[in-house]
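Per-entry structural report
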There are 2 protein chains.
Amino acid sequence: MSKWIYFFEEGKADMKLLLGGKGANLAEMTNLGLPVPPGFTITTEVCKLYLNNPEEIINKLMPLVKDSIKELERRMNRKFGDTEGMPLLVSVRSGAPASMPGMMDTILNVGLNDQTLLALAKKTNERFALDSYRRLLQMFGSTVMGIKTFEDILHHYKEKHNKKLDIELDSNDLKNIIELYKQEYAKYNKEFPQDVYKQLELSIRTVFNSWNNERAKEYRRLYNIPEDWGTAVNIVSMVFGNLNERSATGVAFSRNPSTGEVEFIDGKRILYGEYLINAQGEDVVAGIRTPEPIVNMLKQWPEIYDQLLKIAEKLEKHYKDMQDMEFTIEDGKLYMLQTRNGKRTPAASVKIAISFYKEGLITKEEALLRVSTEEIEKLLHPQVDPSYKEKPIAKGLNASPGAASGKVIFDSKLAAKLGEEGQKVILVRPETNPDDIHGLARAKGVLTSRGGNTSHAAVVARGMGKPAVVGAEEIKIDLENKFFKVNDVIVKEYDMITIDGTTGNVYLGEVPLIDPKPSKEFFELLELADEVAKIGVRANADTPQDAAKAYYYGAKGIGLCRTEHMFMAEDRLPVMQEMIIAETYEERKKALDKLLLMQIDDFYNIFKEMKGYPVIIRLLDPPLHEFLPKEEILNELIKDAKQRGHNSLVEKYQKMLIKSQNLREANPMLGFRGCRLGIVYPEINEMQVTAIFKAAAKAHKEGIKVFPEVMVPLVGHVNEIKFVKERLEEVAKRVLQEEGVNIDYMFGTMIEVPRAALIADKIAQYTEFFSFGTNDLTQMTFGYSRDDAEAKFIPYYLEHKILEFNPFQSLDTEGVGQLMKICLEKAKKVKNIETGICGEHGGDPKSIEFAYSIGIDYVSCSPYRVPVARLAAAQATIKLSSKKVDLVETK
Amino acid sequence: MSKWIYFFEEGKADMKLLLGGKGANLAEMTNLGLPVPPGFTITTEVCKLYLNNPEEIINKLMPLVKDSIKELERRMNRKFGDTEGMPLLVSVRSGAPASMPGMMDTILNVGLNDQTLLALAKKTNERFALDSYRRLLQMFGSTVMGIKTFEDILHHYKEKHNKKLDIELDSNDLKNIIELYKQEYAKYNKEFPQDVYKQLELSIRTVFNSWNNERAKEYRRLYNIPEDWGTAVNIVSMVFGNLNERSATGVAFSRNPSTGEVEFIDGKRILYGEYLINAQGEDVVAGIRTPEPIVNMLKQWPEIYDQLLKIAEKLEKHYKDMQDMEFTIEDGKLYMLQTRNGKRTPAASVKIAISFYKEGLITKEEALLRVSTEEIEKLLHPQVDPSYKEKPIAKGLNASPGAASGKVIFDSKLAAKLGEEGQKVILVRPETNPDDIHGLARAKGVLTSRGGNTSHAAVVARGMGKPAVVGAEEIKIDLENKFFKVNDVIVKEYDMITIDGTTGNVYLGEVPLIDPKPSKEFFELLELADEVAKIGVRANADTPQDAAKAYYYGAKGIGLCRTEHMFMAEDRLPVMQEMIIAETYEERKKALDKLLLMQIDDFYNIFKEMKGYPVIIRLLDPPLHEFLPKEEILNELIKDAKQRGHNSLVEKYQKMLIKSQNLREANPMLGFRGCRLGIVYPEINEMQVTAIFKAAAKAHKEGIKVFPEVMVPLVGHVNEIKFVKERLEEVAKRVLQEEGVNIDYMFGTMIEVPRAALIADKIAQYTEFFSFGTNDLTQMTFGYSRDDAEAKFIPYYLEHKILEFNPFQSLDTEGVGQLMKICLEKAKKVKNIETGICGEHGGDPKSIEFAYSIGIDYVSCSPYRVPVARLAAAQATIKLSSKKVDLVETK
């Protein structure tokens, strides 16, 4: 056990564990030569000793404290308990190694008593002194003595005397209140100690004990803060911004926290924030008087402004980030009370990171760690205009970010219909289920009154990248009468609302939204990310439009192009159905030939958009019955066609019905799909591969660079990939020969069946790339059918902490990740195969970090997640490549 | 390169690779001092050299052959090519290291020509000599010269001369035929070599070359016989059983091949088999004359019988198995031509193994390897009485063993109904699908005209342990008119048939069946198996009846008792449904209390049957909707109840319908079932655990030993088992305390979700045993829904060799097995946990061997598979524990 007490100049920033966060911060500022009020810190070690053995330790501690107070007296030229001159007052503040806002105790104005009060009144003014004493009695009484009734007494007094605000209380009032407070102490058989050292001792004890109060324990449990850290106690000389008209209190940002800009007036750099003359911090918060913007100080107290600006610049250089500073001016003298990295908007965050990097204050890596992926995500969604001031009518969970306006529609089918007509609708339901999928797909956003962050609506909306506010319980939906009610507001079907999935707010009417317009710095930051990242980012894109978006957002290829989506288009589906109900090879071939021409076009346009980046095209994956109407619908269609006497139609629908019955499966997820289809009906895959290489040849001939990668889905046995690859590579070679072109390409496989991961060494012999289909791999590794699980038991599991997170949102590194590791180890023994992730996890920063850690080459995610993934990729690389980089705690 | 030619006395049994199977066998017999006709073997090495360089090698070889023939002449006291005395004739036979029946060539009577013919005729009789010459011309002509028309010429000649049998041909006829044969040679510009050494040389060349004929290659490909082994050539002095009335040819079994008994008449041990006087082997096969049973020789030629008996006894001792011997008697002298382990019935196989063991001829381990698990299986199914001689009307694939008689029923519902009424029915369908399951369950057996060994009918029947004949394509089923036709036989609905799933035969009418009556030796063998086996055998049993059967067949516990089957019983289902549609905890509890009493009874009776062996009871596993009627049925029930104005019933069915809709799942296999149910509705599991321990206490109080093991299904996350186990163990403890008894028990988990295997170290912390649910583990590891896969693509996969076997029948050691290994390695690091297999694989010998090899403690299978599993367990232990044990090739 070394020193028990550190004066601020004896500590520094990295002594948090010993001095607590606040103590270390004050120490660091002091050592920078900033005008910090003198003070000292009792270490966390003392706290731990005290908690085990209070009396002995307090007896040893207090003489040391007394010595330190003597030193403060010397520095402040005031005396603690002085009844003549200006008395020294101190604050006693807790300060744990980790920030635990509001969890622990603070007492101000320690050192006032009936006598020093008079001295203070004499040296300052009576009302100020009385008010300070009133505050001490109240704070000390409630915190140290546990008397919680002072607020009521004060309230009661004001009511009785018809005064609304504290400031309306004059000296007489305050004297009366002090008297009432003292009587309250007596009521509890307590007494406010007139001995100022006794005040100090009890305050220190209280701070130490507060480490073990219930809310602090709960907070530590929630945030995983070790029980045995303890809290430090900071004892700081009080300075007063409310001493006179040459005093003030305020906060200042070193640059514009909305934009991140550094701005100038007449060549003078501007600080942001505000100050209030002759006021204390509390008064700023109370909002009675309007504070002045800091720039006004430039005229009012130019010397102090210059001092503050110099301090801001020094602190920015020192902390390498925009600072949010608290200061007090006492009788013309500036004191710095706190500084921290300033909160900022996402746009400002990007701007600041890039500026600091360009100003040479931080490295590329530091800049990349400064911006969070959540911030990047927010910049990509429409937002409610921050200047919009109307209050929301309700608030739910912010389940999927972005904002959208639209007409309230309660029925999914109607929502789908209106959506298709181009109307903007918000689907409003108590909760959604898979039957609502078409409505969700066509709506601008979804609002539910039930369900949590893993509810169907939340999951689907996130998947679709559209706003969702879920579990807005205040909203009472009357589906029958088509309205919802929230408090007294009634919102009818077709009324316009706006939902903000970033905040969870619901607004009446169409409120102004800000479209995502990524700044120059946004793209600069992502370029820095690409320079650093050692794991690539591609996009999942099924259409040329998606491909274009992916390219715009910086995807370096397409990691997954799902060809089945192409067959769902209105003009394709009938041909696809023709193919499915074909009874002979010839009939099937006829339909496939029609599809071939369409697919050539599809692939050609995607290659064009991707300008030579690799494009992974997955061969047909879903079970065929997904392309047929549901059996109930077919039965109706047959009935209808019969009534109309349309015989050929009757026959066609009957064929579909029979086929659909034949294709019916108990568990379609584990059924006849993927390469299983491609093996039993090789002509489907052959058509697709022909289309891919004809499209590639066409583009190539037009001078467009192309790099097709053909991906075989659902492989689980080496013979599957062997069978498929041998046949399809022949097709590819034949097409290229026929077209007379020479194009590089690869064949690869999805790793989405657990068995595939286990025998990766064998599969690798027949493939040039692997792409982890982590959605299905998660389903099979957990034995969860996602549709069923997210509706039936995952919410329960999350609520009861059976699962710590939804494994469909963030990769389960323990189980699924282990399989992936096994897979990579086995595959890499055979060859240096290209590997990627194309499940939904490809856009999740935690999952990207894991992917990088196990040596995966790229992730692939939806186009609008690409910027997030690029930053996450860089951050993962930095965090894992070099533990030396200081992981600066941003906000 | 050492010796090219080995006389029989120079070789021995273990020189198969050099001398071929036949050569080594003849050598072994010779060295045992048996009267084998003298001869020698040209080694397989020479064959290989010859195939690379024929002319050089034949030039080197023939002088050596000539020297060896000289030695034969000396031994036989005959001369090769002798035109005066009795000429030496030889056979030239191929003999590869592995048996390749019928694949390669043999030429008899080499050494006959126009001159030696006369000498032979003089020394024997003319007709015999001419017939021998005719055979040589024919065999040599077709085999060496490639002329395939001799059979036609012979046929033609007999027709023309109105003779039916070869034996009716007299010397004149034979002379004519010989002339016709020679003309046929000339027609092909060939000549039969009169030079006997030329005959020999060409015959040897032909045998060598036959190694590379197409059917031999195909055979080797099929049976994995190395291409580079080559064949040996055996040159053996001809002896003639058709020389005169003191000659004969025959086969003898050293003991009764039907029963395996050693039997005696008047104290003299009896041989089995038959012999034919003055005849050649071919005549026995032709079946013209009725051969004599071997016992007759006892009176006819007692000295030869004694000689043969002594040989039989010697061979049995030598080969340590029942022998099947071929012999020839030439003019009163016995020659042994071949001996091999005799084919036998399954019952005999068991008897022989046990007898040899008791006689001290073989070790326990050898006895256990003598009987195949297939034989054991056959002994457990009813068989068609072997003495039944009517021909089957059709033959299909023997998909599931055993025989059964019953009325032909074409409709599954009708079959189910009649079956429930106690009638014996055979379900006859073109093929079956999951809708036929109830009919299958109530039928005695199933016959299909389509599908293979992995068809739905085959798989389900095997699972249920009832006979199935599938893919009987001759059968034309007319479902509309309710009959089937096979050739000209018409079988109508309700007609009686018998199917034999062991052979694939279908019989008209009710044919006599033999019930499985396992012999004393059967149980003795299994007891030996238990002594040796280092992996235990338990049974899957859900009822006291099954438990009793399991105990009878020697199961050492129950590895899986599926409690859900108990809820399906007629009196339980309504209560279960009550529980499911309960809207409050109280309603649910009421239903559960009723179920509790029933379950106590269930478990008590099972404990009683198992007499202290461990009983693993799995908590409720299937999704709840399985206990509700299908929605179509509910709709009908509602309609019906409405019509009858039965309001409370309407309400009940409507509740069920709503519940059923709520419970509907996209992929129920991966849905809301297993411990997921038990976590969300803990009261169900609590009821079951209460029942288990109340039942155990009851039994315990009655002096019955009990050892319950509670198994939690579908665990995939450590928190699941933690959550469930902590709560349920509390219940167990409380019940035992209330009952005032102390009982050992364990809690454990199924390993059936891949993730569970991957985190086995964590799960092991909360469990005392693991049971691999290999059915589900296979489904999830492969991503196969068994119902769908076996109907849709597994047959195609097997046919096209994508899969080598159906992984639901035999464990996929490569993938699923790898996961199991990972699981065991991880778990055993934590504790020495008890492990078992309770999937269908628990009864599959190959899977049992794998289970033993990775250190699993026991397998569990259906009761009637227990004997198979016990033997398989012993065999696995022997094969893997000591590679020293000679793996005697049985049959």
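Residues numbered from 1 in each chain as written. Chains lettered and ligands numbered in written order. Predicted model: local features only at pLDDT ≥ 70, side-chain atom pairs only at ≥ 80, totals over all residues. Heavy atoms only, no water.

Topic: the overall build of chain A
Defined as follows: Put simply, DSSP H or I for four residues or longer makes a helix, DSSP E for two residues or longer makes a strand, and each gets a number counted from the N terminus. Three exposure classes are used, based on accessible area relative to the maximum for each residue type with a 1.4 Å probe and protein chains only: buried under 20%, partly exposed in between, and exposed over 50%. Should any heavy atoms of two residues lie within 4.5 Å, those residues are counted as being in contact. For accessible areas, the Shrake-Rupley method is used with a probe of radius 1.4 Å. Any residue's cover is judged against the shown protein chains and nothing else. For this count, His and the chain ends are skipped, Lys and Arg are scored as positive, and Asp and Glu as negative. The location of each charge is read from NZ of Lys, CZ of Arg, CG of Asp or CD of Glu.
Looking only at helices and strands, one finds 36 helices and 35 strands in chain A. Within chain A, buried positions represent 57% of all 891 residues. Contacts in chain A between residues far apart in sequence, at least 24 positions, make up 69% of those at least 6 positions apart. Accessible surface computed for chain A: about 37,500 Å², of which carbon and sulfur atoms make up 49%. In chain A, 120 positive and 129 negative side-chain charges are present, and the distance between their average locations comes to 2 Å.

Quick notes on the relation of the copies chain B and chain A
What counts here: Overlaid copies result from least-squares superposition on C-alpha atoms, with residues included only where pLDDT is at least 70 in both.
Of the transformation superimposing chain B on chain A, the axial component is 0.1 Å and the angular component is 180 degrees, with the fit at an RMSD of 0.2 Å. Taken together, these values place the two copies in the relation of a two-fold axis. Minimal C-alpha distance to the rotation axis in chain B is attained by asparagine 667 of chain B, lying at 2.2 Å. Comparing interface residues between copies, 100% of those in chain B also lie at the interface in chain A; the contact surface is shared.

What about the packing of helix H6 (residues 150–160) of chain A against helix H7 (residues 171–187) of chain A?
Helix packing geometry: the angle between the two helix axes and the distance between the axes. Residue and element names in this part refer to chain A. Keep this limit in mind: Axis definition: a line fit to C-alpha positions, over the contact stretch in the case of helices; interaxial angles, taken between N-to-C directions, run 0 to 180 degrees. Helix crossings fall into two classes, left-handed where the near helix is turned counterclockwise from the far one by less than a right angle and right-handed where it is turned clockwise. For this classification, Asp, Glu, Lys and Arg are treated as charged, while Ala, Val, Leu, Ile, Met, Phe, Trp, Tyr, Cys and Pro are nonpolar and the rest, including Gly, are polar.
The interhelical angle for the contact between H6 and H7, taken along N-to-C directions, is 145 degrees, at an axis separation of 10 Å. Crossing of H6 against H7: the hand is right-handed. Of H7, the residues touching H6 (which contributes Phe150, Ile153, Leu154 and Tyr157) are Asp173, Asn176, Ile177, Leu180, Tyr181, Glu184 and Tyr185. In terms of residue class, the contact of H6 with H7 is built from eight nonpolar, one polar and two charged.

Digging into the side chain of asparagine 109 of chain B
Within the secondary structure, asparagine 109 of chain B is located in strand S6 (residues 106–110). What asparagine 109 of chain B contacts, discounting residues up to four positions off in sequence, is Leu89, Val90, Ser132, Arg135, Leu136, Met238 and Phe240 of chain B.

Some words on the interface of chain B and chain A
For the record, the criterion: By salt bridge we mean one thing: a side-chain nitrogen of Lys or Arg within 4 Å of a carboxyl oxygen of Asp or Glu. N or O atoms within 3.5 Å of each other form a polar contact, as long as, within protein, one can give a hydrogen and the other can take it, and as long as residues adjacent in sequence are counted only when both atoms are side-chain atoms.
Taken residue by residue, the interface counts 49 residues in chain B and 49 residues in chain A. Where chain B packs against chain A, one counts six salt bridges. The tally of links between chain B and chain A comes to 38 residue pairs in polar contact (both at pLDDT 80 or more). Sorting the residues of the side of chain B that touches chain A by element identifies helix H25 (647–663), helix H26 (675–680), helix H28 (718–739), helix H29 (754–758), helix H31 (774–782), helix H32 (786–792), helix H33 (794–799) and helix H34 (816–830) of chain B as the ones contributing at least two each. Taken together, the residues that form the side of chain B that touches chain A break down as 24 nonpolar, eleven polar and 14 charged.

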